[in-house]
Amino acid sequence: MSTPHPTREEIARYVVAALEPPAMERLEEHLATCPECARALAAEARFEVALWKIVPAAREEGAVVPLPHRLAPRRRTWLAVGSSSAGLAAAVLLCLSLWRGHESVRSEMPDAGILHTSAGLVMPREECRAVAVDADSTLCTAGELMSCNIRSAAPAVCVEPTAGACDGESPDRRME
Amino acid sequence: MKSQPMPRSGSSDPLANADPPEAWLVERALAGYRDGWAGLVARHNHKVVVSLLARGLSIDEAKEIAQETWLKLIERQQAGRLSEIVLPGLAIVQAGFLASNARRRERYGAGQPAMGEVAAPRLEDAAIGREQLARVARALGDCPASARRVFEFVYEHPELSYAEVAREMALSTQRVKQIVCEVRARLRSALEKEER
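Remember, predicted model here, so these are calculated numbers, not experimental data.

Let us look at the overall build of chain A. Assigned secondary structure in chain A consists of 6 helices and 5 strands. Listing every helix and strand of chain A by position from the N terminus yields α-α-α-α-α-β-β-β-β-β-α. The buried share among the 176 residues of chain A stands at 47%. Of the contacts formed within chain A by residues at least 6 apart in sequence, a portion of 58% connects residues at least 24 apart. Accessible area for chain A stands at about 8000 Å²; split by element, carbon and sulfur atoms hold 54% of it.

Below, the discussion takes up the side chain of Lys177(B). By the secondary structure assignment, Lys177(B) is in helix α9 (residues 173-195). Residue contacts for Lys177(B): discarding those within four places in its chain leaves Ala17(A), Ala18(A), Glu20(A) and Tyr162(B).

On to the environment of Lys63(B). One can find Lys63(B) in helix α3 (residues 59-78). For Lys63(B), a relative accessible area of 36% puts it in the partly exposed group. Between the C-alpha atoms of Lys63(B) and His46(B), which are 17 residues apart in sequence, the distance is 8.8 Å. Not counting chain neighbours up to four residues away, the residues in contact with Lys63(B) comprise Glu28(A) and Val49(B).

Let us look at the nonpolar core. Tyr14(A), Trp37(B), Leu52(B), Ile85(B), Phe151(B), Tyr155(B) and Leu187(B) are the most contacted members of the largest nonpolar core, which has 74 residues in total. Top element by residues in this core is helix α3 (residues 35-61) of chain A. It accounts for 10 residues. Residues in contact with Ile85(B), not counting those within four places in the same chain, are Val26(B), Ala29(B), Leu30(B), Trp37(B), Leu40(B) and Leu90(B).

Let's shift gears to helix α2 (residues 34-54) of chain B. Residue and element names in this part refer to chain B. Its 21 residues place the ends of α2 29 Å apart at the C-alpha level, agreeing with the 30 Å of an ideal helix rising 1.5 Å per residue. Maximum bend of α2: about 50°, positioned at His 44. Phi turns positive one or two residues past the end of α2, at Gly 56, with a value near 95°.

What counts and how
- Residues numbered from 1 in each chain as written.
- Chains lettered and ligands numbered in written order.
- Predicted model: local features only at pLDDT ≥ 70, side-chain atom pairs only at ≥ 80, totals over all residues.
- Heavy atoms only, no water.
- Helix = DSSP H or I, 4+ residues; strand = E, 2+ residues; numbered from the N terminus.
- Buried < 20%, exposed > 50% of the residue type's maximum accessible area, 1.4 Å probe, protein only.
- Contact = heavy atoms within 4.5 Å.
- Areas by Shrake-Rupley, 256 points an atom, 1.4 Å probe, with all protein chains shown as cover.
- Core = buried A, V, L, I, M, F, W, Y, C linked by side-chain atoms within 4.5 Å.
- Expected span 1.5 Å × (residues − 1).
- Bend = angle between axes of the 7 residues up to and from the residue.

Rendered as structure tokens:
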């Protein structure tokens with residue numbers, strides 16, 4: 001290894017793009033060849049992805065300082081489905097599907113490999129705990145649902161309802 | 001792909017700005033202009049890469065798939081199948097799909113090792129439960145109000161660059177980055193402490 005291991009703080013700074021470009025490049029060179037640091041990077045990236053979801057949610061949970069009006073978050077952010085009735089309808093449909101399953105699609109499932117959705121799209125089955133398709137044909141899996149832009153009640157299908165996916169929460173709350 | 005600029009309109013021309021606004025870039029990209037896409041890639045590519053790293057891809061794999069992601073989106077736009085661009089969410093979803101597809105191909109392909117072998121326990125899975133939400137809310141509550149405000153603004157507006165956030169909050173870009181790193185470290189520490 002030609003370069004020293006980065007500190008955890010440096011890896012965190014890389015993840016949030018707070019390093020200067022030369023430092024980013026040096027770190028990437030090291031990470032490409034050091035499995036130990038690559039694991040640390042993966043963990044840090046997972047934490048970052050979690051923050052994308054939980055910081056806005058935690059704000060709604062309370063214990064936060066209200067933003068000035070002009071800085072208040074847009075109603076529809078990259079993590080939210082939106083407040084339009086069509087988006088809400090899609091969210092409700094999807095969450096109900098998550099909960100109950102969708103027999104017509106379930107019956108089309110192959111034993112392994114891929115899933116053909118009712119929209120004619122194909123997804124790897126392991127990612128298909130839930131699938132939504134928005135008006136732009138953007139595919140959303142369960143884990144990515146929160147970052148998807150669902151704008152219409154397009155085909156929302158479900159395979160293998162995820163335990164706890166909607167536990168104790170109304171669909172609209174989860175999607176908000 | 002078009003390369004010529006749209007008609008300019010006096011001194012408010014975003015092209016003269018080193019950090020043109022997201023809405024303007026989106027408009028350009030939707031119209032098929034190269035500079036619009038270039039600006040969006042510059043602004044959001046790192047988040048796409050991070051989302052792929054979180055799936056356990058190596059940095060080289062993540063960069064490769066991120067590049068493929070943008071090409072796919074540009075193809076969709078050129079084919080008239082992209083009427084709206086909400087980033088980074090759209091690119092992250094597309095990248096996730098490509099990564100899953102690549103993993104499936106490898107898994108059922110020529111016996112190559114599957115992508116994502118760096119994967120470790122999924123902290124985010126644990127972190128999005130109600131209890132963890134409450135922990136984050138508590139940890140955020142313990143931060144100074146000014147730092148909290150900046151941190152929350154950054155995470156609620158992923159479409160903004162640090163420079164734009166800095167302008168909004170009347171701070172320097174370096175200060176915004178510093179706050180993000182400090183608050184993030186506190187949150188992580190709080191979550192880890194309570195999990196032990």
